[in-house]
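Okay, here's what each chain looks like letter by letter:
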Amino acid sequence: MKDLLNFKGKELKVVVILCMVMVVLSCADTPRNLVKNSNAGGALGTSYSITYIADRELDYQHAIDSVFNVVNQSLSTYIPTSDISRINQGNADVTVDAMFQEVFKLSKEIYEHTEGYFDPTVGIMVNAWGFGPGKKVAMDSVKVDSLMQYVGLPKVNLTADNKIQKEYANTYLDFNAIAKGYAIDRLAKMMDQKGIEDYLLEVGGELVGKGINQIKQKPWVVGIDDPQIGLGRKLKILIQLKDKALASSGNYRKFRIDSLTGKKYVHTIDPKTGYTKNASTLGVTVLANSCAVADAYATSFMAMDLEKTKAILATRKELEAYVVYLDEDGQTKEYMTDGFKKLVVD
């Protein structure tokens, strides 16, 4: 399958920084009437690994490819003919599909719940700083101020006839911080529709787990990498994942060094200021009922300080989170919600 949707920045911050890897616990004999089916490959600018348990051999590769293809055609900023690309190019006559509508409406909700820290219109700043598909430009305070007038999700609306209406033609929509999670949710829905009750779906380190690993008669268990291991991989913690989605974000290793000034720019852009965020938070992992929601909040929490993150988590009881950060003395610390702690495997 030729897949052009590129989440390279997102992939690196999740896979390299706080990558989620499947850790299969050993044990029990495989029930004779159950089969472990799997598909793996490349999609959305990263890799995927899909495991599903059934009473017979199955191969859903075609259905999996179809999900990735339709998400690409709707939401990929790396495909010039996609719906979102045509909208960004100034085409006001694009009638967006149901997926685009769902992602747009969910983005509006999370924008409100995060007080604007999740904002897909920050895409113009992502491009300008050199972390997106658009052209990187020389950035200074004047340039940042001039571009920030186009940022703000309330400046974009979905009309009654399912077209996107922008206050400014230069406003650039970029759903990369939610679309990968949404694609995993679509894969989960496909599995549900096919009657699969036990599966673990992973795309670029983000996951949805349902049921248990019936082959081993054990829960699905995933590991969170230590974000401060420069080479190789060392697991920091293991958690059980049942009927939940998980997404991670971070910028400990994903950054760009200006060849002229030597200044370090991380890929997280603060939508409030338009500047790259070099915060003390190293990485965030979020658990939610959908991967799109987990994806969006993980990105949002990287753009705000830890106390703000805690305040939002206190009001959004459907979310659980794990944060790795540096304290005032530069020491590595961890914060977990109570619900997250209960899932940690000793």
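No experiment lies behind these values; they were computed from the predicted model shown.

Further remarks concern the overall build of the protein. Helices and strands together make up the secondary structure of the protein, namely 10 helices and 16 strands. Taking all 346 residues of the protein together, the buried fraction comes to 52%. Pairs at least 24 residues apart make up 64% of the contacts formed inside the protein by residues separated by at least 6 positions. By element, 48% of the accessible surface of the protein is carried by carbon and sulfur atoms, the whole surface being about 15300 Å².

In this structure, F100 and F175 are the most contacted members of the largest nonpolar core, which totals 70 residues. Leave out the neighbours within four places in its chain, and F175 touches L75, I84, F100, V103, F104, S107 and P120. With 17 residues, the next largest nonpolar core counts L207, W220, I224 and L287 among its residues.

So, about the pairing of strand β3 (residues 46–54). Of all nine residues in β3, eight are buried; the element is thus mostly enclosed. In this structure, strand β2 (residues 35–43) lies alongside β3, joined through nine bridges in antiparallel fashion. Within the sheet, the bridge partner assigned to N37 lies in β3 and is Y52. Two successive antiparallel strands, β2 and β3, enclose a turn made up of two residues, where L44 displays a positive phi of approximately 55°. Alignment of β3 against strand β6 (residues 198–203), held across six bridges, turns out to be antiparallel. Looking at the pairing, Y48 lines up with V203 of β6.

Time to look at the sheet that holds strand β10 (residues 244–250). Overall, antiparallel pairing links the eight strands, which are arranged β2-β3-β6-β7-β10-β13-β14-β15 in an open sheet. Only two strands of the sheet have a single neighbouring strand rather than two, namely β2 and β15 (332–336). With strand direction ignored, the average angle separating the axes of adjacent strands in the sheet is 10°. The pairing of β10 with strand β13 (residues 281–288) spans six bridges and is antiparallel. Bridge pairing links S248 to T285 in β13. Against the sheet, helix α2 (residues 61–75) engages β2, β3 and β6, with an angle of about 135° to β3.

Our focus in this paragraph is the packing of aromatic side chains. Evaluation of the coordinates by the stated rule reveals six aromatic pairs. Seen from their ring centres, Y48 and F68 are 5.1 Å apart, and the 45° between their planes marks the pair as tilted. A residue pair is termed long-range when its members are at least 10 positions apart, and Y48 in strand β3 and F68 in helix α2 qualify at 20 residues. In this pair, the class of Y48 matches that of F68, namely buried. Pairing F100 with F175 gives two aromatic rings, centres 5.5 Å apart and planes at 85°, and the pair type is edge-to-face. Residue F100 is located in helix α4 (residues 98–113), and its partner F175 is located in the loop between β5 (164–166) and α7 (176–193); the two are separated by 75 residues in the primary sequence.

Another point: unusual backbone geometry. Of note in this structure, E115 is not a glycine but carries a positive phi near 55°. Relative to the assigned elements, E115 resides in the loop between α4 and α5 (123–128). Residue classification places E115 among the partly exposed positions, given a relative accessible area of 46%.

Once that is clear, we can look at the pairing of strand β14 (residues 320–326). The element β14 is largely enclosed, with a buried count of five among its seven residues. Here β13 runs beside β14; their pairing, made up of six bridges, is antiparallel. Pairing of T285 across the sheet is with Y322, part of β14. Examined bridge by bridge, β14 and β15 share five bridges and lie antiparallel to one another. Bridge pairing links Y322 to M336 in β15. Here β14 folds back onto β15, and the loop between the two strands holds five residues, one of which, G330, carries a positive phi near 80°.

Cut-offs used in this document
Residues numbered from 1 in each chain as written. Predicted model: local features only at pLDDT ≥ 70, side-chain atom pairs only at ≥ 80, totals over all residues. Heavy atoms only, no water. Helix = DSSP H or I, 4+ residues; strand = E, 2+ residues; numbered from the N terminus. Buried < 20%, exposed > 50% of the residue type's maximum accessible area, 1.4 Å probe, protein only. Contact = heavy atoms within 4.5 Å. Areas by Shrake-Rupley, 256 points an atom, 1.4 Å probe, with all protein chains shown as cover. Core = buried A, V, L, I, M, F, W, Y, C linked by side-chain atoms within 4.5 Å. Pairing = 2+ DSSP bridges. Axes fitted to C-alpha atoms, helices over the stretch in contact; angles between N-to-C directions. Phe/Tyr/Trp six-rings, centres within 6.5 Å; stacked < 30°, edge-to-face > 60°.

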